[in-house]
Amino acid sequence: MHPLLFLAGLCLGVASAAPQLYQSLDARWSQWKATHGKLYGMNDEVWRRAVWERNMKMIEQHNREHSQGKHTFTMAMNAFGDMTNEEFRQVMNGLKIQKRKKWKVFQAPFFVEIPSSVDWREKGYVTPVKDQGYCLCCWAFSATGALEGQMFRKTGKLVSLSEQNLVDCSRPQGNEGYSGGLIDDAFQYVKDNGGLDSEESYPYHAQGDSCKYRPENSVANVTDYWDIPSKENELMITLAAVGPISAAIDASLDTFRFYKEGIYYDPSCSSEDVDHGVLVVGYGADGTETENKKYWIIKNSWGTDWGMDGYIKMAKDRDNHCGIASLASFPTV
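These numbers were taken from a predicted model, which means no experiment stands behind them. (Residues numbered from 1 in each chain as written. Predicted model: local features only at pLDDT ≥ 70, side-chain atom pairs only at ≥ 80, totals over all residues. Heavy atoms only, no water.)

## Overview of the layout of surface pockets
Threshold: In this analysis, the protein atoms alone were mapped onto a 1 Å grid. Cavities are point sets where a 1.4 Å probe fits without being able to get out; pockets are open sets with protein on both sides within 12 Å along at least five of seven lines; lining residues have an atom within 4 Å of a point. Grid points are joined across faces, edges and corners, and a volume is the space filled by probe spheres set on the points.
Each pocket or cavity is described by its volume, and for the largest pocket that value is around 200 Å³. Around the largest pocket sit Asn 78, Ala 79, Phe 80, Met 92, Asp 131, Gly 133, Tyr 134, Trp 302, Gly 303, Thr 304, Asp 305 and Trp 306, which together line it.

Here you go:
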């Protein structure tokens, strides 16, 4: 074949492939918008699609590297796909970090047999995954999760507790409503207030409001709360002994935002700069208990479409990865 004819044919092939690729992106973009109920003005759509395409490219690149054995987890596009990393952190990661107050530090029991794996979901301690929406209220969901578990331990009844009650009413303890807060301050509110309403009686609506706590709807109380020393072994022993534990992690990375499944480990994840409240409900290992196969089972509050039906396996015993043990605590009832 004449070289010029070959080059012309190659250009035609590329030209015909480009519209197909564009059409494919068009279809995927339209489907993603429909799935997540996204509506934009004309100018905003151009920008949001550009952000979405960059995120999609990043996700696909990561998953190609995962297939080559370079990562221990996969990523997937989700409802956060049209947001930049900065935008996402501003509306989702609402943990207000401050120096720990002088409070009681829990000493894990000595000479107790610690099981190789724990999953408090199997014992009935954990309510279904919730969705905080675009509200800096992760701290409230982490706090209710730990308190729900302790109330189940005491009463044998699993009752979903009101995050909205905490968002609206715990400002005197130091929290900032839908603008952020601290888990221990949420426990302090319930202790000071003498109760916390049920989710059913005080439903969540992802924004702050005036306090509407009603004592007759209270289904939980806090007598005390304990901080856990910032060591993974202490967290493991306490978790096995008492039930689900509130914790704080670094959730600022795009790899976390688009996590899908597998054991999450990202060398860039900080063990000190934590910004998101979660609930630790168990631990275990995939296969043999080699260092990079151990994991924590974490309940998130971003709905069931994120991660593994709302959960993530986070690397365990890898130098306090993402700060999982840095600010762990739990209430007593």
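## Thoughts on the confidence of the model for the chain
Rules: Within a predicted model, pLDDT stands for the predictor's per-residue confidence, ranging from 0 to 100. In this description, contact between two residues means that some pair of their heavy atoms is separated by no more than 4.5 Å.
On average, the chain scores 90 in pLDDT, and the residues at 70 or more come to 87%. In this model, residues 1-19 is a region of pLDDT below 50 whose contacts with residues beyond four sequence positions or in other chains number 1 contact.

## Looking at the environment of Ala 79
Our working rule: Put simply, DSSP H or I for four residues or longer makes a helix, DSSP E for two residues or longer makes a strand, and each gets a number counted from the N terminus. When a residue's accessible area, from a 1.4 Å probe over protein chains only, is under 20% of the maximum for its type it is buried; when over 50% it is exposed; and in between it is partly exposed.
Among the structural elements, Ala 79 can be located in the loop between strand 1 (73-75) and helix 3 (85-92). Owing to a relative accessible area of 25%, Ala 79 belongs among the partly exposed residues under this scheme. With 223 residues separating them along the chain, Ala 79 and Trp 302 place their C-alpha atoms 9.7 Å apart. Setting aside chain neighbours within four positions, we find Ala 79 in contact with Trp 32, His 36, Lys 38 and Tyr 134.

## Digging into the state of the cysteines
To keep things clear, this is the line we draw: Count a disulfide wherever a pair of cysteine sulfur atoms falls within 2.5 Å.
Under the definition given, this model contains 3 disulfides. Note that Cys 169 is cross-linked by a disulfide to Cys 211, the S-S spacing being 2.0 Å. Around the S-S axis, the bridge from Cys 169 to Cys 211 shows a dihedral of about 100 degrees and counts as right-handed. Residue Cys 169 is located in helix 5 (residues 163-169), and its partner Cys 211 is located in the loop between strand 3 (196-197) and strand 4 (218-220); the two are separated by 42 residues in the primary sequence. When its relative accessible area of 44% is taken as the criterion, Cys 211 is described as partly exposed. Across the disulfide from Cys 269 sits Cys 322; the S-S distance is 2.1 Å. Because the torsion about its S-S bond is 125 degrees, the bridge between Cys 269 and Cys 322 counts as right-handed. Of the two residues, Cys 269 is situated in the loop between strand 7 (259-264) and strand 8 (276-285) and Cys 322 in the loop between strand 10 (311-315) and strand 11 (329-332); the sequence distance between them amounts to 53 residues. Cys 322 shares its class with Cys 269; the two are buried. Here the cysteine-cysteine linkages of the chain are recorded as 1-2, 3-4, 5-6, numbering only bonded cysteines and doing so in sequence order. No disulfide involves Cys 138; its sulfur sits 7.9 Å from the nearest other cysteine sulfur, which is in Cys 137.

## Brief notes about the pairing of strand 10
As a reminder of what qualifies: Any two strands between which DSSP finds at least two bridges are classified as paired.
Burial within strand 10 is extensive, with 5 of its 5 residues counted as buried. By the alternation rule, side chains of strand 10 split into Tyr 311, Lys 313 and Ala 315 and Ile 312 and Met 314, which are all buried. Pairing of strand 7 with strand 10 involves 2 bridges; the strand directions are parallel. Counted as the bridge partner of Ile 263 is Lys 313 from strand 10.

## Focus: the packing of aromatic side chains
The condition that has to hold: Pairing of aromatic side chains requires ring centres within 6.5 Å, counting the rings of Phe and Tyr and the six-membered ring of Trp. Pairs whose planes differ by under 30 degrees are stacked, by over 60 edge-to-face, and all others tilted.
Taken as a whole, this structure holds 21 aromatic pairs when the rule is applied. Both rings, one in Trp 29 and one in Trp 32, keep their centres 5.5 Å apart while their planes meet at 15 degrees; by these two values the pair is stacked. Here Trp 29 and its partner Trp 32 are both found in helix 1 (residues 3-36), 3 residues apart, which amounts to about one turn of the helix. In this pair, the class of Trp 29 matches that of Trp 32, namely buried. Between the aromatic rings of Phe 256 and Trp 306, the centroid separation amounts to 5.2 Å while the plane-to-plane angle is 40 degrees, which identifies the pairing as tilted. Taken together, the residues Phe 256 in helix 8 (residues 254-257) and Trp 306 in the loop between strand 9 (294-299) and strand 10 connect sequence positions 50 residues apart.

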